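Residues per chain, in single letters:
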Amino acid sequence: MAIESNKLTVAEPVPARERSGSFPLSTSAPSVLPAALKDPVDPARLAHTQLLQGPFWRRVPAYAEVDETEFLDHRWQAKHSITKIPKLLEALRGLVSDAFIQDAAEGFRHAPMSVRVSPYLLSLIDWTRPYEDPLRLQFIPVASRHLPDHPKLDLDSLHERADMPVPGLTHRYFDRALFLPLDTCPVYCRFCTRSYAVGIDTEEVSKFQLKVNAERWQQAFAYIRSRPELEDIVISGGDVYQLRPEQITEIGETLLAMPNVRRMRYATKGPAVMPQKILTDDAWTDALTRVVEHGRSLHKEVVVHTHFNHPREITWITQAAMNKLFERGITVRNQTVLQRGVNDDVQTMRLLVKRLGHLNVRPYYVYMHDLVRGVEDLRTTLQTGLDIEKGVRGLTAGFNTPTVIVDAPGGGGKRDAHSYEHYNRTTGISVFVSPNVHPGQIYYYFDPIDLLPPEGRARWADPAEHPRMIEEARIASLAHPH
Ligand SMILES: *Cc1c(COP(=O)(O)O)cnc(C)c1O
Ligand code: SF4
């Protein structure tokens, strides 16, 4: 690389006898360490490498006698997952106070989601502090913490159904589509964006039907095949963990056979709530692997997208499962939902991001919580999302650093949280545009009212103020060139 005007010069090769060391290097450490420029690292900063070990599930009386082979068996996990509220309450008896059990029973009565919790998840919850526990918060509602929904919330806040040419296929972005082949999951999350469809009907919500259905799938495939611009298909749900191995293969091979399809993602929360399946459901994991390998031979990318929200969801079992996928060359990316009391502080998010990186899982997105019914207590402000992004970026590799996203209510699609046109921290209204999805259209995101300053709360208390606040935000956003 001897470029004339370049100050770099190529050194003459050093004769072997003058080199300071010899190769291969001897294995003994040098007697003098290089001078340290930084203080010794605080071991707390390596906490991401310290995963929960051993038979931790035995802390729960119901699983005290369960050995490792049984606990790693995905069939045992599925069979002992709790889907009936009385059963859950029964399993908790002795672990938590009667008052908490009453509170949870009441919470479920008003929840839009049905319940399903794996033994793995139940055994990771700290039952000595059930109100504060970040895992409990995501799956088990309690009535005493309920907050009224935001007045601007409606059930399918992302308008996924408005962009569906076929039931269960959302084509919003130019080159990618979201396929929802089924409506069941290995667990049900309180905060699910698709509570309009996912899970069984509850007292609060009767669901839009997205069952496994051969004819519906064929229509979705025909649509994808007919649109040459569709290159990237997200297979979500529900959750692909619940698909049978033949169904994993059928979807994968059908899409791989379409010349237009270049990328696919299987989306599953499974690794966060039941990593056992990857270790012991050989037929499922092998079916996934075959699609990935066939895709690779066709130069098409097939990956897994998963959904960890808290560093405590990651244990030695998760690591074994992620190692298995890594050995098979399967890329795993993660999408997190920012939730109040769960992961809405910089320390927790730093630990999550570093721990995911440790497992070779790529942190992709952190979503601002969608406007979903019955979970206003889990939402937080856009400002919190901005603060967290600032606190996380620079900690680790850029490719392991998530982007904070607002999925614009009303169907605007995903926007970088920092890209707002206007943000009023008193009314909690932020304004976004989305030139690639709907040029010229304006979208609003709303902070939860209980976190606003008193002046903002007072304005939301008066319904006549609602259109005024939105109009103010719209006009302020126009002052900003976009
Ligand atoms: C999230 C999403 C996608 C994928 O978007 P990326 O930004 O590529 O991850 C595609 N379609 C819909 C409807 C989505 O919500
Ligand atoms: S796993 Fe995903 S789709 Fe299923 S309930 Fe949870 S958030 Fe919703």
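What you see is a predicted model; the values in this text were computed from it and never measured.

Comments concerning the overall build of the chain
- Assigned secondary structure in the chain consists of 16 helices and 12 strands.
- Its C-alpha atoms give the chain principal-axis dimensions of about 85 × 65 × 50 Å.
- Every one of the 482 residues in the chain was classed for burial, and the buried ones make up 53%.
- Across the chain, contacts joining residues at least 24 apart in sequence account for 77% of those joining residues at least 6 apart.
- For the chain, the computed accessible surface area is about 22,800 Å², with 54% contributed by carbon and sulfur atoms.
- The chain carries 57 positive and 59 negative side-chain charges, and their two centres are separated by 2 Å.

A word on unusual backbone geometry
- For the bond running from Gly237 to Gly238, omega is 20°, close enough to zero to count as cis.
- Position of Gly238 relative to the elements: it lies in the loop between strand E3 (232-235) and helix H8 (245-256).
- For His299, which is not a glycine, the phi torsion comes out positive at approximately 65°.
- With respect to the helices and strands, the residue His299 is situated in the loop between helix H11 (282-297) and strand E5 (301-306).
- Located in the positive-phi region is Asn360, a residue other than glycine, with phi close to 65°.
- Topologically, Asn360 is positioned in the loop between helix H13 (346-358) and strand E7 (361-368).
- Looking at Asn360, the relative accessible area reads 27%, which means it is partly exposed.

Re the site of ligand 1
- The immediate surroundings of ligand 1 are formed by Thr170, Tyr173, Arg176, Leu178, Val234, Arg265, Tyr364, Tyr365 and Lys414.
- Here Arg176 contributes a side-chain N or O atom positioned 2.7 Å from an oxygen atom of ligand 1.
- Tyr364 is positioned such that a nitrogen or oxygen atom in its side chain is 2.8 Å from an oxygen atom of ligand 1.
- Computed on the free molecule, ligand 1 has an accessible area of 380 Å², of which 92% lies beneath the protein chains in the complex.
- Of all the secondary-structure elements, those providing two or more residues to the shell around ligand 1 are strand E2 (176-179) and E7.

Details of the sheet that holds strand E6 (residues 332-338)
- Taken in spatial order, the nine strands of this open sheet run E1-E2-E3-E4-E5-E6-E7-E8-E9, and their pairing is mixed. In this open sheet, the two strands that pair with only one neighbour each are strand E1 (169-170) and strand E9 (413-416).
- Running at roughly 160° to strand E4 (residues 263-267), H8 makes contact with E2, E3, E4 and E5 of the sheet.

Structural notes on the site of ligand 2
- Around ligand 2, the neighbouring residues are Met113, Cys185, Val187, Tyr188, Cys189, Cys192, Val198, Gly238 and Lys269.
- Within the shell around ligand 2, the residues separate by chemical class into seven nonpolar, one polar and one charged.

Focus: the environment of Pro454
- Note that Pro454 resides in helix H15 (residues 454-460).
- A residue is classified by how much of its surface remains accessible, and Pro454, at 59% relative accessible area, is exposed.
- Sequence separation between Pro454 and Thr426 is 28 residues; the distance between their C-alpha atoms is 8.3 Å.

A look at the sheet that holds strand E11 (residues 429-433)
- Pairing within the open sheet is antiparallel, and its three strands lie in the order E10-E11-E12. With partners counted over all chains shown, the strands left at the sheet margins are strand E10 (422-424) and strand E12 (442-446), one partner each. Looking at each pair of strands side by side, their axes are set apart by 20° on average, direction ignored.
- As paired strands, E10 and E11 are joined by three bridges and run antiparallel to one another. Each bridged residue has a counterpart across the sheet, and for Tyr423 the counterpart in E11 is Ser430.
- Sheet strands in contact with helix H16 (residues 465-478) are E10, E11 and E12, and its direction is about 125° off that of E12.

A short note on the pairing of E6
- Among the seven residues in E6, seven count as buried, and that is most of the element.
- Side chains of E6 alternate between two faces, with Val332, Asn334, Thr336 and Leu338 and Arg333, Gln335 and Val337 buried alike.
- Examined bridge by bridge, E5 and E6 share three bridges and lie parallel to one another. Within E6, the position partnered with His305 by the bridge is Arg333.
- Pairing of E6 with E7, which is carried by seven bridges, proceeds in the parallel orientation. Among the inter-strand pairings, Thr336 is bridged to a residue of E7, identified as Val366.

Quick word on the packing of helix H3 (residues 85-92) against helix H4 (residues 98-109)
- Where H3 contacts H4, the axes come no closer than 10 Å and their chain directions differ by 165°. Classified by the angle between their axes, H3 and H4 sit roughly antiparallel to one another. Crossing hand, H3 versus H4: right-handed. Facing H3, whose interface residues are Ile85, Leu88, Leu89 and Leu92, H4 presents Phe100, Ile101, Ala104, Ala105 and Phe108.

Details of the side chain of Thr336
- Structurally, the position occupied by Thr336 is in strand E6.
- Classification of Thr336 as buried rests on a relative accessible area of 2%.
- Apart from the residues within four sequence positions on either side, Thr336 is in contact with Phe308, Asn309, Asn343, Met349, Leu352, Tyr365, Val366 and Tyr367.

Calculation rules
- Residues numbered from 1 in each chain as written.
- Chains lettered and ligands numbered in written order.
- Predicted model: local features only at pLDDT ≥ 70, side-chain atom pairs only at ≥ 80, totals over all residues.
- Heavy atoms only, no water.
- Helix = DSSP H or I, 4+ residues; strand = E, 2+ residues; numbered from the N terminus.
- Buried < 20%, exposed > 50% of the residue type's maximum accessible area, 1.4 Å probe, protein only.
- Contact = heavy atoms within 4.5 Å.
- Areas by Shrake-Rupley, 256 points an atom, 1.4 Å probe, with all protein chains shown as cover.
- Lys, Arg positive; Asp, Glu negative; His and termini not counted.
- Charge placed at Lys NZ, Arg CZ, Asp CG, Glu CD.
- Near = heavy atom within 4 Å.
- Polar contact = N/O pair within 3.5 Å; in protein donor to acceptor, adjacent residues only side chain to side chain.
- Pairing = 2+ DSSP bridges.
- Axes fitted to C-alpha atoms, helices over the stretch in contact; angles between N-to-C directions.
- Nonpolar A, V, L, I, M, F, W, Y, C, P; charged D, E, K, R; others polar.
- Parallel < 35°, antiparallel > 145°, perpendicular 65-115°, else oblique.
- Left-handed = near helix turned anticlockwise from the far one by under 90°.

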